[in-house]
Amino acid sequence: MRTDFRFAARTLRKNPAFTAIAVLTLALGIGANTAIFSVVNAVLLRPLPFYEPERLVRVYNQFLALNLKYAAASVADYYEYRRQTHLFEEVACVNGINFNLTGVERAERLLGGRVSASLFPMLPVKPVAGRVFTEDEEQQGRHRVAVLGEGLWKRVFGSDPAVIGRTLRLNDESYTVIGVIPPIPGDLAPFEVWTPIAFTNEQKSVERRGHQFLTVLARLKRGLSLEAARAGMKPFAAALQKDFPDQYPPSTGWGIMVESLAESLVGDIRLALVVLLGAVGFVLVIACANVANLLLSRGAARTREISIRAALGAGRGRIARQLLIESTLLGFLGGAAGLLLGVWGVALLVKASPPNLPRLDEVRIDGTVLAFTFAASLLTGLLFGLAPIIQMARANLQENLKESARGTSGGLRRHTMRSLLVVAEVSMALVLLVGAGLLIRSFLGLQDVDPGFRAGNVLTFRVSLPQARYPADPQVAGFFRQLLDRVGRLPGVVSVGAISMVPFSGGNNSGSFSIEGREVPPGGTGPHADQRTVSAGYFQALGIPLKKGRLFEETDKADAPGVALVDEKLAAQYWPGEDPIGKRVRFGGNQTQAPWLTVAGVVGHVKHSRLDTESKGVLYQHYPQARAGSMVVVARTGNDPKLLTGAVQSEVAAIDKDLPIYDVRTMEERVLASLTPQRFAVYLLAVFAGVAMLLAAVGIYGVMSQSVTQRTQEIGIRMALGAERRAVTRMVVGQAMKLVAAGLAIGVTAAFGLTRLMKQMLFGVESTDPPTFAAVAALLAAVACAASYVPARRAAKADPMVALRHE
């Protein structure tokens, strides 16, 4: 075996051009697979870094008829889940909340979370310093303690251990620091500061079940499967629905879902990663086919060597082993180069990945990825090494020795395997190109979608008012009135407004509302809408058109008659064929005591979260008539909106120096960010498809070039007998296009089946879109024609006399 390896190394060293081309081809395929597998391994395969992560689940409500698949839980729900001790060993809840950190050198806005004391021991999370919460601290009056994230501790407090026991001002309230914890892995809760959740008696009441804001996590009883837990929740859910039909109407498609924590973190990204992994797998197979073609071409030159070995007594098995060791060594060289490309590719993928890709910080080259690269190198070496072995097994070695002595080429039957490999390359390249083409068409269609507003030249930023400092509604309204007035007078500002939840911000608020004169029967589904609080100038600032009636005005004050606006989608849904102007609505269901609001106008419908997803209809109310302690200011400018950032911060500080602005982004940035997952998939699949097409073209060129070389005498005879150069060119190109046609036929058939798996990733285009299939087939045929034209032209330019003397 050592002798075989030494001989293989010498053989590859003596053919540096062949070795370099083969290694580079394999490196492209293996490197791309290593990079993508690193992401798949971190996101999909690697277990969550918690204690027995397979027992960790998320429990959430579903209202399928309202298209709410991941609804949060109420406080009463949370306490009910804690009582299901036959299903859950531990139950914890999380509620994200932002904090204004004041009393330090510079006021900051921190991403924080209120959590039950059971969360940290359930995962578990051990503190870096100090301690975590106790159950006693979940009570009102004892909950003013805080645990810092390690990142905040280092960034703001310089890792000072003396921070334990220090008092911080969070939302203008005093909290005592009791501990520091490391980052929780898996992007489960990327908070910078933590406080214990302390529910009021009102929140605990069963009447508040409609107020759903908690993320509930649980650990299954040991030995209980996920399916058993789901089955166990069904009778419990049925009992809840029977006892509380108003909160959980059957017509809403309500239910309780138990999902593994790993699955809930991955979400919709799984399909895109699987598609990309399949795509790079195709690229690797095409690379193997190319190297196999190189080996077959090189094998033709080694026919005499192999025949002499056989004549001297070497058995077919011995020769096959030698060839397989050469290909395996070549595979490992390609794997080593591919690993280097993979390291570079991982860095690029992490940089280009969408920000919502879970566990992005865990993407790296680890032992599993190294094992994958080793296995890929070994498998590819064996895969492309089989081709020359199969050719040798079918050959008559004694006849080959006679033919090589006479200098004959052996005819076209020697090209059968190489031709089959080209057909396979073309078919797989077509599948990848079709997939990329469909995603590109889908992405271009998304970019053309009208979001319902004008995103250009609009700056947005959020300001949140601590309730301790702004306890009364008039104070809140007065602050935002003063801020909007100041921002509106800044140079370059055309119009300004504010909203509680700006489109493409990542959050949402929806709920039931009532229409005067329309009683909802028990168990029935009442009207439901997204709900927003806005200022009078918001619609002008964002460019949302008025369809009917009027917009909010400054005269719609807190003591004025209540008014509301509806968008055109909500109007069409609940007042079809009617004029909603003058109708009265109020927030909440049948039992609500909220005041009636008169619909004053109808505005255009806007996309809220994604361009490819339909949003609910929206019910708007005016901010002086509804408390909104956190608002996004929307300022339309006549120039670059980013130039306004420093000025608006100064205006906020002039009103209250302890209020930071945050989430500062232009509307164009928000819309573009919503397209990041699609752009990520499009770019990667397009790159892989391009590489596949290039490799297929190289394969076609190699086969036709070798064919022309071996048919030199035949071509010389044809030309000596009067064949024109154009005829020779057509003959060579025609031979190549027959292979391409076979590959296209197989590829189209395969693409019709495989692209159906991408259906959920497409928007505005069918997975079997005929124009895409036709365009891709034409492109691939044109590239193949160009690749075959080069050797065809060389054949046509050959001197017949020289060709006739060719051996």
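Anyway, here's the lowdown on the structure attached to this text. In this text, all values refer to a predicted model and were calculated from it rather than measured experimentally. (Residues numbered from 1 in each chain as written. Predicted model: local features only at pLDDT ≥ 70, side-chain atom pairs only at ≥ 80, totals over all residues. Heavy atoms only, no water.)

### Notes on the packing of helix α14 (residues 416-447) against helix α22 (residues 725-754)
As a reminder, the rule being used: The axes used here are C-alpha line fits, helices contributing only the stretch in contact, and every angle between their N-to-C directions lies in the interval 0 to 180 degrees. Secondary structure elements follow DSSP: runs of H or I no shorter than four residues count as helices, runs of E no shorter than two count as strands, and numbering proceeds from the N terminus. Here the angle decides the label: under 35 degrees means roughly parallel, over 145 means roughly antiparallel, 65 to 115 means roughly perpendicular, and every other value means oblique. It is the rotation of the near helix from the far one that decides the hand of a crossing: anticlockwise by less than a right angle makes it left-handed, clockwise makes it right-handed. Here a residue-residue contact requires only that any non-hydrogen atoms of the pair lie within 4.5 Å. Charged means Asp, Glu, Lys or Arg here, nonpolar means Ala, Val, Leu, Ile, Met, Phe, Trp, Tyr, Cys or Pro, and polar covers whatever is left, Gly included.
Closest axis-to-axis distance for the α14/α22 pair is 7 Å, and the angle between their directions is 40 degrees. Comparing the axis directions of α14 and α22 gives the class oblique. Along this stretch, α14 crosses α22, giving a crossing that reads as right-handed. Residues Ser419, Val422, Val423, Val426, Ser427, Leu430, Val431 and Val434 of α14 pack against Leu739, Val740, Ala742, Gly743, Leu744, Ile746, Gly747, Val748, Ala750, Ala751 and Leu754 of α22. Among the residues making up the contact of α14 with α22, the classes are represented as 15 nonpolar, four polar and no charged.

### With respect to the side chain of glutamine 621
For glutamine 621, the location among the structural elements is in strand β20 (residues 618-622). When near neighbours in sequence (up to four residues on either side) are disregarded, glutamine 621 contacts Arg532, Thr533, Val534, Phe552, Val563, Phe587, Leu597 and Ala626.

### Points about the pattern of salt bridges
Where we set the bar: Any carboxyl oxygen of Asp or Glu within 4 Å of a side-chain nitrogen of Lys or Arg constitutes a salt bridge here.
Across all of its chains, the model carries 34 salt bridges by this definition. Aspartate 473 serves as the salt-bridge partner of arginine 627, at 3.4 Å between the closest nitrogen and oxygen. With arginine 627 in the loop between β20 and β21 (630-637) and aspartate 473 in helix α15 (residues 473-488), the pair connects residues that are 154 residues apart, well separated along the chain. Through salt bridges with shared partners, a single ionic network connects Arg169, Asp172, Arg469, Asp656, Lys657 and Asp658.

### A look at the nonpolar core
To keep it simple, the criterion reads: Put simply, a nonpolar core is a bunch of buried Ala, Val, Leu, Ile, Met, Phe, Trp, Tyr and Cys residues held in one set by side-chain atoms that sit within 4.5 Å of each other. Accessibility here uses a 1.4 Å probe with only protein chains present; expressed as a share of the type maximum, an area under 20% marks a residue as buried, one over 50% as exposed, and anything in between as partly exposed.
Counting residues in each nonpolar core, the largest one holds 107 residues, and the members touching the most others are Phe453, Phe539, Tyr620, Val634, Phe688 and Ile700. If one sorts the elements of this core by residue count, helix α20 (residues 676-710) sits on top with 16 residues. Setting aside chain neighbours within four positions, we find phenylalanine 453 in contact with Pro503, Phe504, Leu542, Gly543, Ile544, Val606, Lys607, Met667 and Val671. Counting 29 residues, the second-largest nonpolar core is a separate cluster that includes Val59, Phe199, Ala229 and Val258.

### Topic: the packing of aromatic side chains
Quick note on the threshold: In this analysis, rings of Phe, Tyr and Trp, with Trp reduced to its six-membered ring, are considered paired at centre separations within 6.5 Å, and the interplanar angle assigns stacked below 30 degrees, edge-to-face beyond 60, and tilted for intermediate values. Whether a charge sits over a ring depends on NZ of Lys or CZ of Arg being within 6 Å of the ring centre and within 35 degrees of the ring normal.
The full count for this structure, using the stated rule, is 18 aromatic pairs. Between phenylalanine 752 and phenylalanine 773, the ring centres sit 4.6 Å apart and the planes meet at 25 degrees, which makes this aromatic pair stacked. Remark: phenylalanine 773 occurs in helix α23 (residues 770-796) and phenylalanine 752 occurs in helix α22; sequence separation between them is 21 residues. Assessed through its relative accessible area of 35%, phenylalanine 752 is described here as partly exposed. One aromatic cluster in this structure is built from Phe120, Phe133, Phe191 and Trp194. A cation over a ring is seen here: arginine 144 above tyrosine 175, with NZ or CZ 5.7 Å from the ring centre.

### A look at unusual backbone geometry
Geometrically, the link from leucine 123 to proline 124 is a cis peptide bond, its omega value of -10 degrees lying close to zero. Although it is not a glycine, arginine 359 sits at a positive phi angle of roughly 60 degrees. With respect to the helices and strands, the residue arginine 359 is situated in the loop between α11 (316-352) and α12 (367-394).

### Comments concerning a nonpolar patch on the surface
For clarity, the threshold we go by: Each patch groups residues whose relative accessible area exceeds 30% and which form no salt bridge, using 9 Å between like charges and 5 Å between nonpolar side chains of Val, Leu, Ile, Met, Phe, Trp and Tyr. Areas reported as accessible are Shrake-Rupley estimates using a 1.4 Å probe. Residue values count occlusion only from the protein chains shown.
A cluster of nonpolar residues, Leu24, Leu28, Leu341, Trp344 and Leu348, forms a patch on the protein surface that exposes about 490 Å² of accessible area. For the nonpolar patch, the elements supplying multiple residues, two or more each, are α2 (16-45) and α11. A total of three residues in the nonpolar patch trace back to one element, the largest contributor, which is α11. Within the secondary structure, tryptophan 344 sits in helix α11.

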